[in-house]
Amino acid sequence: MVKGINSMPAKVCLGICALVSLIYSLNFMFYADCYVIGGDGCFTILSNDAAEGTQAWGRGAPETAFNGTLMFGMFLAVMLLLNEGAKGMWRMMIPVIIGFSALTASIWIHGDFTDASETPKYATLFTTILYTAAYFMLREEGVNDGLSDYKPGINVKDKGALVALLVLVVTGLFYALRMIFTPDSVIGDNFDDIIPGMANGMGTPSDAIVAVTGSLILIYTLWAGLTLTEGAKGKWAVIHPSIFCFMTIVISTYVGLVIGDARTVSDLQKMDLIVGPVVMLLTMLAYFRLRDEGMEDGMTIMGEPVEDAHLMSKMLPVFGVVIGALFAINGLFF
């Protein structure tokens, strides 16, 4: 059995993508409040280099942290691709290319870097190009297997999973497209007034931050859509990153509520806090109900077939404990 990716150029491209995704995800998840104030007097891996009083200073820390959790799912997806191989992975890669293209465009169109670091502009563009190049390099390794046979339709039989996936796709598209194309209206609906930059990062997020959120949500929505329209067989490869991502979101949201850095002022902000747990539960519901329809067919770890039928049921609690401990330690002591 072929393990992982064989093409060395593709490995290099994907390895760089994984590294960039990991750095940004960790930085945003744990240090967003410091990132948005330019690293002034606090620790952050990266900084927006904004000075107090400028347009980018102290704005959108909770939203930036949320983007970090979404990027963490992207890191997991790239690592899965590297370890498990490219065969049939167009299902993962094409949605990522679409989402990262939208993300790059969002930053270039909406981003105001007059007083802030321009690194995100070029990091996202560079990562998108590398990931797309890797996709084309992997054609000889079967990345497009099954693409020519794809005929969209409703191909999920279980009614509970069907409803869950429909809700995920419809609501995901609503959130994603609205954030990408009209981020200003999203901000206007969630905030009665524009909040200036604050030392804790609780100022109103920028259009670029909101559009980036929509672009990343679009990827997870497309993965759910493929599961719905092509069928569950072998979709563990795209649903696993979604499950771990939204579990991370739920944990970070809970810790944020405990330490007081979550948005809870308006009714819409409170509703947004509920969306994460709902998405996580719907994704898990669809995953576990669709195992009988082949969701875990071909599931491997490091290229080896998974023999334990209850592996995911065992992994999720362990993952939750580890991520919960990291967020709790970071939130309560740093």
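Our structure's up above, just so we're on the same page.
Residues numbered from 1 in each chain as written. Predicted model: local features only at pLDDT ≥ 70, side-chain atom pairs only at ≥ 80, totals over all residues. Heavy atoms only, no water.

Trainee: For the overall build of the protein, give the residues involved together with the corresponding values.
Mentor: Broken down by element type, the protein carries ten helices and two strands. In sequence order, the secondary structure elements of the protein are arranged as α-α-α-α-α-α-α-α-α-β-β-α. Relative to the compact-globule value of 20 Å for 334 residues, the protein shows a C-alpha radius of gyration of 19 Å, a close match. Looking at the protein residue by residue over its 334 residues, the buried ones come to 52%. A sequence separation of at least 24 residues applies to 78% of the contacts in the protein between residues at least 6 apart. Of the roughly 15300 Å² that the protein leaves accessible, carbon and sulfur atoms contribute 67%. Here the protein carries 18 positive and 30 negative side-chain charges, and the mean point of each set is 11 Å from the other. (Helix = DSSP H or I, 4+ residues; strand = E, 2+ residues; numbered from the N terminus. Rg over C-alpha atoms; globule rule 2.2 N^0.38 Å. Buried < 20%, exposed > 50% of the residue type's maximum accessible area, 1.4 Å probe, protein only. Contact = heavy atoms within 4.5 Å. Areas by Shrake-Rupley, 256 points an atom, 1.4 Å probe, with all protein chains shown as cover. Lys, Arg positive; Asp, Glu negative; His and termini not counted. Charge placed at Lys NZ, Arg CZ, Asp CG, Glu CD.)

Trainee: So, the nonpolar core: which residues are in play, and what are the values?
Mentor: Membership of the largest hydrophobic core comes to 99 residues, with the highest contact counts inside it found for Leu 14, Met 92, Met 93, Tyr 131, Leu 216 and Trp 223. In terms of residues, this core owes the most to one element, helix α8 (residues 236–259), which gives twelve residues. With near-sequence residues (within four places) excluded, Met 93 lies in contact with Leu 14, Leu 81, Tyr 131, Ala 134, Tyr 135, Leu 138 and Val 143. (Core = buried A, V, L, I, M, F, W, Y, C linked by side-chain atoms within 4.5 Å.)

Trainee: Before we move on, can you summarise the state of the cysteines with the specific residues and values?
Mentor: Under the definition given, this model contains one disulfide. Cysteine Cys 17 shares no disulfide, and the gap to the nearest cysteine sulfur, in Cys 13, comes to 6.8 Å. Not engaged in a disulfide, the cysteine Cys 245 finds its nearest cysteine sulfur in Cys 17; these two sulfurs lie 17 Å apart. (Disulfide = S-S within 2.5 Å.)

Trainee: Quick rundown of the packing of α8 against helix α9 (residues 267–289)? Include the residues and the values.
Mentor: For the pair α8 and α9, interaxial distance at closest approach is 9 Å and the crossing angle is 150 degrees. By the angle class used here, α8 and α9 are roughly antiparallel. With respect to the hand of their crossing, α8 and α9 are arranged in left-handed fashion. Contact residues: Trp 236, Ile 239, His 240, Ser 242, Ile 243, Phe 246, Met 247, Ile 249, Val 250, Thr 253 and Leu 257 in α8; Leu 273, Gly 276, Pro 277, Val 279, Met 280, Thr 283, Met 284 and Tyr 287 in α9. (Axes fitted to C-alpha atoms, helices over the stretch in contact; angles between N-to-C directions. Parallel < 35°, antiparallel > 145°, perpendicular 65-115°, else oblique. Left-handed = near helix turned anticlockwise from the far one by under 90°.)

Trainee: So, the packing of aromatic side chains: which residues are in play, and what are the values?
Mentor: Tallied over the entire structure, the rule returns 15 aromatic pairs. Their ring planes at 15 degrees and their centres at 6.4 Å tell us that Phe 72 and Phe 319 sit as a pair that is stacked. Taken together, the residues Phe 72 in helix α2 (residues 61–84) and Phe 319 in helix α10 (residues 311–333) connect sequence positions 247 residues apart. Here the two residues Phe 72 and Phe 319 agree in accessibility, since each one is buried. When the ring centre of Trp 108 is taken as reference, the NZ or CZ atom of Lys 121 above it lies at 4.2 Å. (Phe/Tyr/Trp six-rings, centres within 6.5 Å; stacked < 30°, edge-to-face > 60°. Lys NZ or Arg CZ within 6 Å of the ring centre and 35° of its normal.)

Trainee: Got a sec to walk through the packing of helix α3 (residues 90–110) against helix α7 (residues 207–230)? Specific residues and values, please.
Mentor: Between two packed helices, what matters for the description is the angle formed by their axes and the separation of those axes. Packing of α3 against α7 brings their axes to within 8 Å, and their N-to-C directions diverge by 160 degrees. Judged on the interaxial angle alone, α7 and α3 are roughly antiparallel. Here the hand of the crossing between α3 and α7 comes out right-handed. A per-class count over the contact of α3 with α7 returns 18 nonpolar, four polar and three charged. (Nonpolar A, V, L, I, M, F, W, Y, C, P; charged D, E, K, R; others polar.)

Trainee: For the environment of Val 318, give the residues involved together with the corresponding values.
Mentor: Mapping Val 318 onto the fold places it in helix α10. A sequence separation of ten residues divides Val 318 from Ala 328, and the C-alpha atoms of the two residues are 15 Å apart.

Trainee: Just give me the short version of helix α5 (residues 159–181), but keep the residues and values in it.
Mentor: In a regular helix each residue adds 1.5 Å, so 23 residues correspond to 33 Å; α5 covers 33 Å between its end C-alpha atoms and thus fits that length. Residues of α5 that are buried in the fold lie against α3, α6 (183–190), α7 and α9. The N-cap of α5, judged by a side-chain oxygen 3.1 Å from the amide nitrogen of Gly 160 a few residues on, is Asp 158. (Expected span 1.5 Å × (residues − 1). Polar contact = N/O pair within 3.5 Å; in protein donor to acceptor, adjacent residues only side chain to side chain.)

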